[in-house]
Amino acid sequence: STEDPDLAESTPLATGVSGELTIFAAASLTASFDELAEAFTAENPKVTVHPIVYDGSSTLATQLIEGASADVFAAANESTMADVAGAGELSGDSSIFVTNTLQIAIAPDNPEKITGLTDLTRDGLLVVLCAPEVPCGAASQELLDLDGIPLTPASEEQNVKGVLTKVGAGEADAGLVYKTDVSAAAGAVDGVDIEGAERAINNYTIGVAASAENPEAAQAFVDFVLSDAGQKLLGSFGFGSP
Amino acid sequence: MTGGTVSGSAVSGSLVSGSLEANLLIRRGEFTLDAAVHVEPGEVLALLGPNGSGKSTMLAAIAGLIVPHSGSVSVAGRTLTRVAPGTRTLAVVPEKRGVGLLGQDPLLFPHLDSLDNIAFGRRSAGVGRTAARRDAADWLGAVGLAGFEGRKPSQLSGGQQQRVALARALAARPDVLLLDEPMAALDVETAPMMRRLLRERLADQGIATLLVTHDVLDAIVLADRVAILHEGTIVDEGQKDRVLGQPRNRFAAALAGVNLVSGVADADGVRLPDGRRFEGSHPNERSPQDRVPGDQTQAPHAHAAPVDAADRGTPAAAIFRPSSVRLSTHPPDESSATVLERGSANCWRSTIAVLEPSSGGIACRLADDQGVTVELPPARVSELGLEEGTEVWLSVDPADVTILGTR
Amino acid sequence: MTGGTVSGSAVSGSLVSGSLEANLLIRRGEFTLDAAVHVEPGEVLALLGPNGSGKSTMLAAIAGLIVPHSGSVSVAGRTLTRVAPGTRTLAVVPEKRGVGLLGQDPLLFPHLDSLDNIAFGRRSAGVGRTAARRDAADWLGAVGLAGFEGRKPSQLSGGQQQRVALARALAARPDVLLLDEPMAALDVETAPMMRRLLRERLADQGIATLLVTHDVLDAIVLADRVAILHEGTIVDEGQKDRVLGQPRNRFAAALAGVNLVSGVADADGVRLPDGRRFEGSHPNERSPQDRVPGDQTQAPHAHAAPVDAADRGTPAAAIFRPSSVRLSTHPPDESSATVLERGSANCWRSTIAVLEPSSGGIACRLADDQGVTVELPPARVSELGLEEGTEVWLSVDPADVTILGTR
Amino acid sequence: MEPRQTQRAGTNQRAGTIPRPLLVFAIVGLAFLILPIIGLFWRVDWAELPAAITSPEAVQALWLSLRTGVTATIICLVLGIPLALLIARSRPRIAGILRALTTLPLVLPPLVGGIALLYLLGRNGLIGSVLDVGFGFGIPFTTAAVVIAQAFVAMPFLVITLEGSLRTAGTQYETVAATLGASRWTVFRRITVPLAMPGLLAGTVLCFARAIGEFGATALFAGNAAGVTRTMPLAIYTAFNGAGVSQDSAIALSLLLIVVAIVILLFLRTWRTDVAL
Amino acid sequence: MEPRQTQRAGTNQRAGTIPRPLLVFAIVGLAFLILPIIGLFWRVDWAELPAAITSPEAVQALWLSLRTGVTATIICLVLGIPLALLIARSRPRIAGILRALTTLPLVLPPLVGGIALLYLLGRNGLIGSVLDVGFGFGIPFTTAAVVIAQAFVAMPFLVITLEGSLRTAGTQYETVAATLGASRWTVFRRITVPLAMPGLLAGTVLCFARAIGEFGATALFAGNAAGVTRTMPLAIYTAFNGAGVSQDSAIALSLLLIVVAIVILLFLRTWRTDVAL
Ligand SMILES: Nc1ncnc2c1ncn2[C@@H]1O[C@H](COP(=O)(O)OP(=O)(O)OP(=O)(O)O)[C@@H](O)[C@H]1O
Ligand SMILES: Nc1ncnc2c1ncn2[C@@H]1O[C@H](COP(=O)(O)OP(=O)(O)OP(=O)(O)O)[C@@H](O)[C@H]1O
Ligand SMILES: [Mg+2]
Ligand SMILES: [Mg+2]
């Protein structure tokens, strides 16, 4: 932690917090939270943010419940956060900090000319979805049901990454993923917006862990995420504001 | 030889050896071993017997590799095995017995060279590497393999392996040594050398030794006493001169290279089940030069069992050498009368079953009930025109026949 | 015996066998084998030699288990191995050679019972399971183990394993059979039975056989010719009667149980390097009954090499039996004069190095340069008070000595 | 008191030949392996268990796992036994290289193994593109893909284990068989394989266990479609992700997998005593 | 033309004793195992490779992997060799049960293995709670947890492989050693272990490879903290999740892992030829 007074003065939003900060974040937040952490330390130079631990929300939740110590937990849905809270591992309340909407992921240049959900039922088209048990799968199913589209996926992937990999590798022609995932894919896949995608919104939640060793810094980080600066940064990755 | 050196680097233990007592009942499938042996310190007991008679089984039980169904093993009064109904089984583990076993298969440790194989026993006894290897080098010299220190077993010939295994067993300095055909793979020049080595070392160190062998020469040279094992029971046991000189069973007779025909005692001979009669002298009547091979003692033995009038009707046998039998191709009445002094005793008719070379000329095995063999000079065989199937008349001088009670 | 049955269920192959020719140069570490053998169909060549002389190595090369550094092997004119500088190496794989090898270790397949072990060769030749097992059962009976069909090797005694291995090798009906000490673990009653079995079957099937053994009786009973291998070279070869009856080297003499002392030929005897002289008769002068053991032929052999005047200065040896040597504890001038008819020839002084029992009485090994052994009746040993270290005077009647040129 | 050994009379077994201190380590080792599994049982929700393991999805996944696991094991045996023999009979230098190559798939995290398979057999893969264009069929998303993924991760275990046993068994009995006229194939079938049976069975056990436990490569290469590619491990993972943090049904399914595996392994044991030496 | 064999003169090796058709299978098997890995190489972005594998994170993860992998392997050897011996020397019935128990961790998807370890050693676990309350320290999410997770998944391979070899090697030489007066410990050290060396080395190879490739149990039980618990497989997973769809750095890291593993396995090979029979 730097003691440089110049730097401390030059950051007007400084909250005066210090110490170390451990963050558990859902895998889909990978790139965005790295930048958030960077921006946060720029504002709070006395805080050292450990490399953020990314994994599936369920994995992280299990670890928290079984004794892992973290200060901040950011989950990709609400139910996982509820489980953690139920186990008494959350200090205070959690907040929804971003939302995410689905997009159709397709190979670059859209060789199959897919324009909407109805195209996915076309014969001979290989479509992959997330498993209905995981958040993106639940959202996909909800959306398909709302439109009454009878889609039999070639595979129900365990996570978004599985869908992206298959579409990116050309194994599948299309898949439903989050908008943020398409933008993170940096050209390996293209995204097609879904009409009425906002009907199945996924809410990301964040909270301070009960086991937090540095609750002040943790709260400062949560506040930063919810701040305009944080929201703006997250927006640049494709997330929507709650 | 390096005898002095090996003893010189002795570390301990060779003087505490004691006598071996074993009394064993073991069942293996249909086979049952029920036998007892006793060996004094420094004594060698040769255990002879046909294949499958239970010799190796007996050694394994004494070495503690198998637990008998009942019986006991003790060395120098210390009980190593005791199995009896109603009592708790005692079985000292093999490595705490002080009983060395050289099995039928040399089983040298394949990953160790000759020297380390031989040094293994000493090193297990806690002797340092250098001392154990020095001792091992002496042993390697003693078995005539100086220069083979670094050879792995796979780089040794069969006989060389056998010698390393012998050295390994001796170098471990057991109180009791069990040797299972230790000379089997040795050449004619090495075998006597190894016999001499064994004789010296076993006596020096007062080791009680049980020696299993199929070579009667091993028994003659090395053993003090001989036991004959047959189908799991000891059918004869005693001083080697008595057992081999006056054999009481077919196997011992075969070992000694003599014919033995058995029946029941009558007046002064033996009557065979097929009616033949044999007459002869009793062991204590015979002059020394009449002795069958292997009988080297001066005086007749206490173990000998000459037949006298009181023994009539008891089992008895006639023993005679293959070379003592006279063979002719004519009935005796046409030939010289000397053969038939006393009626038809010692005289019979048979046909030749097998004719084969032997170390003493040509052996004619007769198509006899009791498989008598006759040994003839090659010249005589061609003179008589003998062939397999030829009908022959045989006789043997009573002076060349020994009559013995058998059990 | 089941000979008829076994031949009856023969499927093929036994009549095409031919002669074996092998000419091999093999280096193994410091050891070099450089030897050639030739065996006719139906003939048995006994290969004798000390431990480590290269016998097993030779068999392995003939069976195709090792490739020689140079040389060739052929059977019935078909080349199985040919290695020569500048030409492409030819080495037919072992299974296509028709050469059976029974090694020093029986190596029965541990997972197969006796019957399947014996049937293995036939089944490999494509014979059906039932036929092969029937054939195997016959062989099992022939080696005296009827009733042991279902036994795994681990449930057999050492000698029983050896017999199953022999049956397995014979049942495979090779054109050429290589036997490495096939009788080593057999008891005295079984060994003659197995020798008889081998004699019958090998001759019947016209198999060319190379037999390695340390038991001279195997050679006498089974072999037609004998070759002596020493340190990788064949030092003598010929009809068994000649090689064993008139041995030309120490090893053959030891096999035949006679003394051989070597030096150079002079007038009508041999002068030893230490100055001793031996006189005697030449083989073709001797009468049949003077022959040393193992010499069973009527007429002297073409291979024999009697010394005559022209041979003076060439290597020669004197051969005499241990029992022909007369031993006394007094210098000859004090004893009867008969021993010294011709000056000091056949007469020398020595000390006793080792006294040990032997099959013919007591063997006295002399502290001689050339290790002469004298055999005496036990009575005579105690009469003379002989001990190790006793100084003795020795003589041997020239009539009992054979003089031979050695190469 | 004399040191003792207990054993059945007349047998040649030296029971308890293990140095006593080692016995302690052995027991610690065993405890280390099975305590965590006992921990699972301890946490299981017994009330929910029957429903979880008798659900049609669970039964379907189990059945698929067994089918694919057995098929993959058979493929591993067919390809792996010859490979093990090749390695065991090669010169030391070549054997070392072959062994290292064979072991490589083990080092790859299964996920990467899945990617590697996709790159090879996927629609745009080296071989997959040929299949796709030439024959119009794709491997990913089929049950065949599951089997391939399982075989890919499981085969090294079979090969390396068997190779160790083949090397220990040596070649002397093979040589004897050859001198009796047995062709290489006969030797292989009647001598080599039976003598290496303990190692072969050990390898088969490892291979089968690894195959039915395989998750990562399958998920990536084969996908997760109920009845086609959703094996037990995928079902367990799906359940784990789905039911929030309580994981009850994931654990219930794991127990089902464990019990089935135990039954199969004990069955293999019985078979083993029959064929072993 | 006569069938031939090629071999060095004077040696006792029968090279090429493999039946020819089997050779085909062996080669197919080998291709099956290494083609996917070659596929990986084919797809790698060589321009980015140097940067990816020399980044401090990669080096840190590699170093952690090696440290934990070696430690886990040592633990497996210490506990696994005695366990293998115990199984190999038990009566068939008991051996079968022990073998099945030992194999169980293999069947568990690594994820469930991680859960099981958490349930046992976690803060609320059977043993973990005792440690936590009694000594105030927790195992999960430490480097020790990585080692435990690796040892848990890798040990069965060592045990089962070695057990096969011990059984094949038999007990006859041990018996001979005992009659020469060698204590059980001496027999173990100087006879049992050297004679089972091929199997022990094979098992060690498998065990080490499995340990450094371990991902699932580690991720759950030990977490994914850089420098503490982020081993190569976790780094690869993180890279895979992080970098969108291109997976370039994940593949680069995998290649690094493969190359390091090859070096270590080939080193083991060299050592092997020295000690082998
Ligand atoms: N495990 C077993 N099961 C059944 N029978 C067995 C077993 N082991 C040995 N036998 C039988 O026990 C008998 C005695 O065997 P043992 O090895 O003691 O004989 P041996 O006297 O040493 O013979 P050899 O001279 O051939 O070595 C043999 O008939 C053998 O077949
Ligand atoms: N791999 C090897 N490396 C070095 N030397 C060897 C090797 N194998 C054998 N030898 C040596 O070659 C020589 C011949 O061995 P071989 O086994 O042929 O002897 P043998 O005549 O069969 O002896 P025996 O009567 O003892 O069986 C021996 O001196 C042996 O030590
Ligand atoms: Mg025996
Ligand atoms: Mg030999």
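Cut-offs applied
- Residues numbered from 1 in each chain as written.
- Chains lettered and ligands numbered in written order.
- Predicted model: local features only at pLDDT ≥ 70, side-chain atom pairs only at ≥ 80, totals over all residues.
- Heavy atoms only, no water.
- 1 Å grid on protein atoms, 1.4 Å probe; cavity = no way out; pocket = protein on both sides within 12 Å on 5 of 7 lines; lining within 4 Å.
- Points joined across faces, edges and corners; volume = space filled by probe spheres on them.
- Helix = DSSP H or I, 4+ residues; strand = E, 2+ residues; numbered from the N terminus.
- Nonpolar A, V, L, I, M, F, W, Y, C, P; charged D, E, K, R; others polar.
- Near = heavy atom within 4 Å.
- Polar contact = N/O pair within 3.5 Å; in protein donor to acceptor, adjacent residues only side chain to side chain.
- Areas by Shrake-Rupley, 256 points an atom, 1.4 Å probe, with all protein chains shown as cover.
- Least-squares fit on C-alpha atoms with pLDDT ≥ 70 in both.
- Contact = heavy atoms within 4.5 Å.
- Patch = residues over 30% accessible without salt bridge, like charges linked within 9 Å, V, L, I, M, F, W, Y side chains within 5 Å.
- Salt bridge = Lys/Arg side-chain N within 4 Å of Asp/Glu carboxyl O.
- Donors = N, O, S within 2.8 Å, 3.2 Å for Na, K, Ca; no water.
- Buried < 20%, exposed > 50% of the residue type's maximum accessible area, 1.4 Å probe, protein only.
- Pairing = 2+ DSSP bridges.
- Axes fitted to C-alpha atoms, helices over the stretch in contact; angles between N-to-C directions.
- pLDDT = per-residue confidence, 0-100.

**Brief notes about the layout of surface pockets**
Here's step 1: Computed from the structure, the second largest pocket encloses a volume of approximately 700 Å³.
Here's step 2: What lines the second largest pocket is a set of 40 residues, and nearest its centre among them are Ala-26, Ala-27, Ser-28, Asn-159 and Val-160 of chain A.
Here's step 3: Every element with two or more residues in the lining of the second largest pocket is listed here: α2 (30–43), α3 (57–65), α4 (79–86), α5 (135–147), α6 (160–168) and α7 (179–184) of chain A, α12 (232–242) of chain D together with α12 (232–242) of chain E.
Here's step 4: In terms of residues, the lining of the second largest pocket owes the most to one element, α7 of chain A, which gives four residues.
Here's step 5: A class-by-class count of the residues in the lining of the second largest pocket yields 17 nonpolar, 19 polar and four charged.

**Considering the site of ligand 2**
Here's step 1: The immediate surroundings of ligand 2 are formed by 22 residues, with Ser-157 and Gly-159 of chain B together with Ser-56, Thr-57 and Gln-104 of chain C found nearest.
Here's step 2: Flanking ligand 2 are residues from chains B and C.
Here's step 3: In the environment of ligand 2, an oxygen atom lies 2.8 Å from a nitrogen or oxygen atom belonging to the side chain of Gln-160 of chain B.
Here's step 4: With the chains in place, 91% of the 640 Å² that ligand 2 exposes on its own is no longer accessible.
Here's step 5: Contributions of two or more residues to the shell around ligand 2 are made by α5 (158–171) of chain B together with α2 (55–62) of chain C.

**So, the relation of the copies chain D and chain E**
Here's step 1: Its rotation angle being 180°, the transformation that places chain D on chain E also includes 0.0 Å of axial translation and leaves an RMSD of 0.2 Å. In short, the pair behaves as if placed about a two-fold rotation axis.
Here's step 2: Of the residues that chain D buries at the interface, 100% are likewise interface residues in chain E, meaning the two copies contact each other through the same surface.

**A closer look at a nonpolar patch on the surface**
Here's step 1: Together, Val-24, Phe-25 and Val-28 of chain D together with Val-70, Ile-74 and Val-78 of chain E make up a nonpolar patch on the protein surface, roughly 480 Å² of accessible area in all.
Here's step 2: Going through the elements one at a time, α1 (20–43) of chain D together with α3 (56–88) of chain E are the ones with two or more residues in the nonpolar patch.
Here's step 3: With respect to the helices and strands, the residue Phe-25 of chain D is situated in helix α1.

**Describing the coordination of the magnesium ion (ligand 3)**
Residues and elements named next belong to chain B.
Here's step 1: In this structure, Ser-56 (OG) and Gln-104 (OE1) serve as the protein donors to the magnesium ion (ligand 3), at separations of 1.9 to 2.3 Å. Of this pair, Ser-56 sits in helix α2 (residues 55–63) while Gln-104 sits in the loop between β7 (99–102) and α3 (114–124), and the two are 48 residues apart along the sequence.
Here's step 2: On the basis of relative accessibility, which here comes to 30%, the residue Ser-56 falls in the partly exposed class.

**As for the sheet that holds strand β13 (residues 269–271) of chain C**
Residue and element names in this part refer to chain C.
Here's step 1: An order of β14-β13-β12-β15-β21 is seen for the five strands of this open sheet, with the pairing classed as antiparallel. The open sheet is flanked by β14 (277–279) and β21 (402–405), the only strands paired with a single partner. Averaged over neighbouring strand pairs, the angle between their axes works out to 40° when direction is ignored.
Here's step 2: With four bridges connecting them, strand β15 (residues 315–320) and β21 associate as antiparallel partners.

**Quick notes on the confidence of the model for chain A**
Here's step 1: Chain-level pLDDT for chain A is 84 on average; 94% of the residues reach the 70-or-more range.
Here's step 2: For residues 1–12 of chain A, every residue scores under 50 in pLDDT, and the model assigns this stretch 12 contacts once sequence neighbours within four places are set aside.

**Some words on the pairing of strand β7 (residues 99–102) of chain C**
All names here are of chain C.
Here's step 1: Side chains Val-99 and Leu-101 of β7 all project onto a buried face; the interleaved residues Gly-100 and Leu-102 project onto the opposite face, where all are buried too.
Here's step 2: The pairing of β7 with strand β8 (residues 176–180) spans four bridges and is classified as parallel. When the bridges of β8 are listed, Val-99 appears paired with Val-176.

**Section: the coordination of the magnesium ion (ligand 4)**
Working reference: metal with six octahedral donors, ideal angles 90 or 180 degrees; metal with four tetrahedral donors, ideal angle 109.5 degrees.
Here's step 1: Those protein atoms acting as donors to the magnesium ion (ligand 4) are Ser-56 of chain C (OG) and Gln-104 of chain C (OE1), and they sit at 1.9 to 2.3 Å.
Here's step 2: Residue Gln-104 of chain C is classed as partly exposed on the basis of its relative accessible area of 27%.

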